[in-house]
Amino acid sequence: MAGGRRVILTVTPNAALDVTYHVPTLRPGAAHRVTDVAVRAGGKGVNVARVLHALGHETLVTGLAGGREIQDDLAAAGIAERLVSVTTPARRTVTVVSGDGAATAFNEQGPPVAARDWERLAAVFPTLADRAEVVVLSGSLPPGLPADAYARLIGATTTPVVLDASGPALLGGVPAGPRLVKPNAEELAEATGTGDPLAGAARLRAHGAGAVVASLGPDGLVAVTGEGVWRARSRPRTGNPTGAGDACVAALAAGLAAGADWPVVLADAVALSAAAVACPLAGDVDLDVYRRLAPLIEVEGPHADTDR
């Protein structure tokens, strides 16, 4: 970190090469002619860093990555990285976007990670995190990492942490006390056993999360915080939703770093998510859409936790 400048650190334990195919229509069992293809560094934390970089924030990417393609692509984009290289090839995620904007994703699990590589990441993390304003822990854990890997990282720093994970990775990390957790509605229901977002968020807070911001698709966001419940809504937009969640996390991390109030943070998160939907690739945002929408987002709250 040149000059000791403070950054937002994103951690992607399961970094990937994102492959995006565009086809006129998607028909199961049929051959398809690809009209456009893009290949670049990805994984949720990498996408978050791309959005933050586009907004002008200093960012640093760390995590585990196979090969050199991911590092080379980040360097070409001007995004700083301290990735831990592993000997296995980079995993790939494939998204097929049809002409109507629907996106179908195929996400490789990734090869197993050796214990020594995980320990190398765990060893470098505290120094990087303690020089950051906010840490974002994003995405799945590759095979070989313990279910409490995120908890270990959260416990290794006093820097505020945003956790964006699902399943065992989410449940394993929450007891360590992340400042903010950002599941979508499906991930929240899976982790807590309830389809009620308010009840699910309350359960995560009871287990250690400081605040929970759940993305509800076309219904916007609901934030369950120590101050009460907030809701933010916008008109549904058509496009590629693949990177919307990562754009939302970028806005939450930036707001946390700035010490912004919840109405401002949530309005930015909804607007930036919509700006990501307007773009064909995860990690990209249409800044004109973002700037136009942010002042128009309706934010309600705070309400008592029992309000429905």
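Here, the structure is the one placed above.
In this text, all values refer to a predicted model and were calculated from it rather than measured experimentally.

## Things to note about the overall build of the protein chain
Thought 1: Of the regular secondary structure elements, the protein chain holds 10 helices and 15 strands.
Thought 2: A globule of 308 residues ought to have a C-alpha radius of gyration of about 19 Å, and the protein chain, at 18 Å, matches this closely.
Thought 3: Counting the 308 residues in the protein chain, one finds 51% classified as buried.
Thought 4: Total accessible area computed for the protein chain in this model is approximately 13,300 Å², and 51% of it derives from carbon and sulfur atoms.
Thought 5: Taken as two groups, the 26 positive and 31 negative side-chain charges of the protein chain have centres that lie 2 Å from each other.

## Side note on helix H3 (residues 115–130)
Thought 1: Across its 16 residues, H3 extends 24 Å between first and last C-alpha, which sits within 8% of the 22 Å expected from 1.5 Å per residue.
Thought 2: The sharpest bend along H3 reaches about 30° and sits at Val 124, with the proline Pro 126 one to four residues further on.
Thought 3: Turning to H3, its buried residues are Asp 117, Trp 118, Leu 121, Ala 122, Phe 125, Leu 128 and Ala 129.
Thought 4: The secondary structure elements touched by the buried residues of H3 are strand S1 (7–12), strand S4 (59–66), strand S6 (84–86), strand S9 (132–138) and helix H4 (149–155).

## Points about the pattern of salt bridges
Thought 1: This model, assessed by the stated rule, comprises nine salt bridges.
Thought 2: Residues Asp 73 and Arg 50 are paired through a salt bridge, measuring 2.5 Å at the closest nitrogen-oxygen approach. Pair noted here: Asp 73 is in helix H2 (residues 69–77) and Arg 50 is in helix H1 (residues 44–54), with a separation of 23 residues, a long-range link.
Thought 3: With a relative accessible area of 22%, Asp 73 lands in the partly exposed category.
Thought 4: Its relative accessible area of 9% is what places Arg 50 among the buried residues.
Thought 5: Ionic pairing is found between Arg 233 and Glu 300, a salt bridge with its closest N-O pair at 3.3 Å. Of this pair, Arg 233 sits in strand S14 (residues 228–233) while Glu 300 sits in strand S15 (residues 298–303), and the two are 67 residues apart along the sequence.
Thought 6: Salt bridges sharing common partners tie together Lys 44, Asp 164 and Asp 246.

## Describing the environment of Arg 27
Thought 1: With respect to the secondary-structure elements, Arg 27 resides in the loop between strand S2 (16–23) and strand S3 (36–42).
Thought 2: Sequence separation between Arg 27 and Leu 9 is 18 residues; the distance between their C-alpha atoms is 40 Å.

## A few points about the side chain of His 22
Thought 1: One can find His 22 in strand S2.
Thought 2: Sequence-distant contacts of His 22, that is, excluding residues within four places in its chain, are made with Arg 33, Val 34, Thr 35, Asp 36, Val 97 and Pro 280.

## A short note on the sheet that holds S3
Thought 1: Sheet architecture is open: four strands sit in the order S3-S2-S7-S8, paired in mixed fashion. Looking at strand neighbours, the two that pair on one side only are S3 and strand S8 (103–107), the edges of this open sheet. Averaged over all pairs of adjacent strands, the angle between strand axes in this sheet comes to 15°, irrespective of strand direction.
Thought 2: Relative to S3, S2 runs antiparallel, the two sharing seven bridges. The partner of Ala 16 across the bridge, within S3, is Gly 42.
Thought 3: Taken strand by strand, H1 contacts S2 and S3, and its axis lies near 95° from that of S3.
Thought 4: Each of S2 and S3 is contacted by H2, which is oriented at about 95° to S3, the strand it contacts most.

## Some details on the packing of H1 against helix H8 (residues 244–258)
Thought 1: Between H1 and H8, the least distance of the axes is 8 Å, while the angle of their chain directions is 60°. Classified by the angle their axes make, H1 and H8 are oblique. By crossing handedness, the relation of H1 to H8 is classed as right-handed. Here Lys 44, Asn 47, Val 48, Val 51 and Leu 52 of H1 lie close against H8, whose contacting residues are Asp 246, Ala 247, Val 249, Ala 250 and Ala 254.
Thought 2: Split by residue class, the contact of H1 with H8 holds seven nonpolar, one polar and two charged.

Cut-off values and rules
- Residues numbered from 1 in each chain as written.
- Predicted model: local features only at pLDDT ≥ 70, side-chain atom pairs only at ≥ 80, totals over all residues.
- Heavy atoms only, no water.
- Helix = DSSP H or I, 4+ residues; strand = E, 2+ residues; numbered from the N terminus.
- Rg over C-alpha atoms; globule rule 2.2 N^0.38 Å.
- Buried < 20%, exposed > 50% of the residue type's maximum accessible area, 1.4 Å probe, protein only.
- Areas by Shrake-Rupley, 256 points an atom, 1.4 Å probe, with all protein chains shown as cover.
- Lys, Arg positive; Asp, Glu negative; His and termini not counted.
- Charge placed at Lys NZ, Arg CZ, Asp CG, Glu CD.
- Expected span 1.5 Å × (residues − 1).
- Bend = angle between axes of the 7 residues up to and from the residue.
- Contact = heavy atoms within 4.5 Å.
- Salt bridge = Lys/Arg side-chain N within 4 Å of Asp/Glu carboxyl O.
- Pairing = 2+ DSSP bridges.
- Axes fitted to C-alpha atoms, helices over the stretch in contact; angles between N-to-C directions.
- Parallel < 35°, antiparallel > 145°, perpendicular 65-115°, else oblique.
- Left-handed = near helix turned anticlockwise from the far one by under 90°.
- Nonpolar A, V, L, I, M, F, W, Y, C, P; charged D, E, K, R; others polar.

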